[in-house]
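Descriptive analysis of the structure
What follows is each chain in one-letter form.
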Amino acid sequence: MSLIFRRLKSTTKKSNISFNMGLFGDSGDSSSSSSSSSSASSLTSPDGEPVMTIEDLETHQQFGTLDLIKQAQIVSQLETKFQKSWHKLTLNEKQLAYYIGYGNWGVREKFSNWNQSSAPLDLPFIPNSKLQNTTKKLLEIELSKTPVREEQFKVKSLDAGTKIVVFMIILIVMFALHRDKYIGEQGKPEEIVIYDRYQLEREEQEKKQKEEEKEREMERNRLVEEKRVAEEKEKSRKKWYYLYLR
């Protein structure tokens, strides 16, 4: 019977289910387990919100309109009851479990014959009208191609938001191609350059200071070179005997 709840458990976090299992789980005492459903309405979740119970549902169809947390609370209670003796289940609990597994809510919203004796709308073959002794291999049919499932498996179609984005991209590409072909560089936007007068003055002043420093350095080098040349000339004037006497 636990297979009935796979539809909800596939979209519900385990943390929510484990939390509710702790609230309605088997404590080992038969008296506490029998009174859990009657006192469940007085329990609250850690965030202060009341816990949804089976008795709070006015109709079975109301289950599909609940949020995932409340659905998980209902399913947790049913799982706890189905793990025990099925003779203790009420008719309302059995019908609710059947509706959760096969009712027309969620992905089975269009399954209008869920409460009828006819075959399911996504049955991959046509049932025989009468029992036959011969057997034959059934044809392979994809469930996604059945009429009731076609809308859910339309992966090739785009939603409205994606269509708008694709349309805008196409327009931008067409405009760019038209500009490159017919307008070229002449139609490119002019770059607006903003000049800072004070910044220009500072740069000009720094440039002058560097030039003055360079001129002073060149003047110092020139004086040093002249001094060196003068010393060499002075040395060259001495006679050879001065060197000998020295």
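Residues numbered from 1 in each chain as written. Predicted model: local features only at pLDDT ≥ 70, side-chain atom pairs only at ≥ 80, totals over all residues. Heavy atoms only, no water.

Observations regarding the confidence of the model for the protein
Counting all residues, the mean pLDDT for the protein is 75, and 70% of those residues have values of 70 or more. In the model of the protein, helix 2 (residues 14–24) stands out as the element of lowest mean pLDDT, 36, in contrast to helix 5 (residues 68–82), which has the highest, 91. Segment residues 10–41: pLDDT under 50, and 37 contacts once partners within four positions in sequence are set aside and those in other chains are kept. (pLDDT = per-residue confidence, 0-100. Helix = DSSP H or I, 4+ residues; strand = E, 2+ residues; numbered from the N terminus. Contact = heavy atoms within 4.5 Å.)

Re the nonpolar core
Leu57, Phe63, Ile74, Leu78, Leu96 and Ile100 are the most contacted members of the largest nonpolar core, which totals 16 residues. If you list the elements that add at least two residues to this core, you get helix 5 and helix 6 (91–102). (Core = buried A, V, L, I, M, F, W, Y, C linked by side-chain atoms within 4.5 Å. Buried < 20%, exposed > 50% of the residue type's maximum accessible area, 1.4 Å probe, protein only.)

What about a negative patch on the surface?
Taken together, Asp196, Glu203, Glu204, Glu206, Glu211, Glu212 and Glu215 make up a surface patch of like negative charges. Tracing the sequence through the fold places Glu212 in helix 8 (residues 197–236). (Patch = residues over 30% accessible without salt bridge, like charges linked within 9 Å, V, L, I, M, F, W, Y side chains within 5 Å. Areas by Shrake-Rupley, 256 points an atom, 1.4 Å probe, with all protein chains shown as cover. Salt bridge = Lys/Arg side-chain N within 4 Å of Asp/Glu carboxyl O. Lys, Arg positive; Asp, Glu negative; His and termini not counted. Charge placed at Lys NZ, Arg CZ, Asp CG, Glu CD.)

Some points on the packing of aromatic side chains
The tally for this structure, following the rule as stated, stands at five aromatic pairs. On the numbers, 5.2 Å between centres and 85 degrees between planes, the contact of Phe63 with Trp105 is edge-to-face. In this pair, Phe63 sits in the loop between helix 4 (36–39) and helix 5 while Trp105 sits in the loop between helix 6 and helix 7 (160–183), placing the two residues 42 residues apart along the sequence. Trp105 shares its class with Phe63; the two are buried. For the pair Phe82 and Trp86, a centre-to-centre distance of 5.4 Å together with 85 degrees between the ring planes defines the contact as edge-to-face. The structure contains a cluster of three or more aromatic residues connected by ring pairs, namely Tyr98, Tyr99, Tyr102 and Trp114. Across the ring face of Phe111, the terminal group of Arg108 is positioned such that the distance to the ring centre comes to 4.3 Å. Taking the ring centre of Tyr198 as reference, the NZ or CZ of Arg197 above it sits at 4.4 Å. (Phe/Tyr/Trp six-rings, centres within 6.5 Å; stacked < 30°, edge-to-face > 60°. Lys NZ or Arg CZ within 6 Å of the ring centre and 35° of its normal.)

Describing the side chain of Gln71
Within the secondary structure, Gln71 is located in helix 5. According to the relative accessible area criterion, Gln71 is buried, its value standing at 4%.

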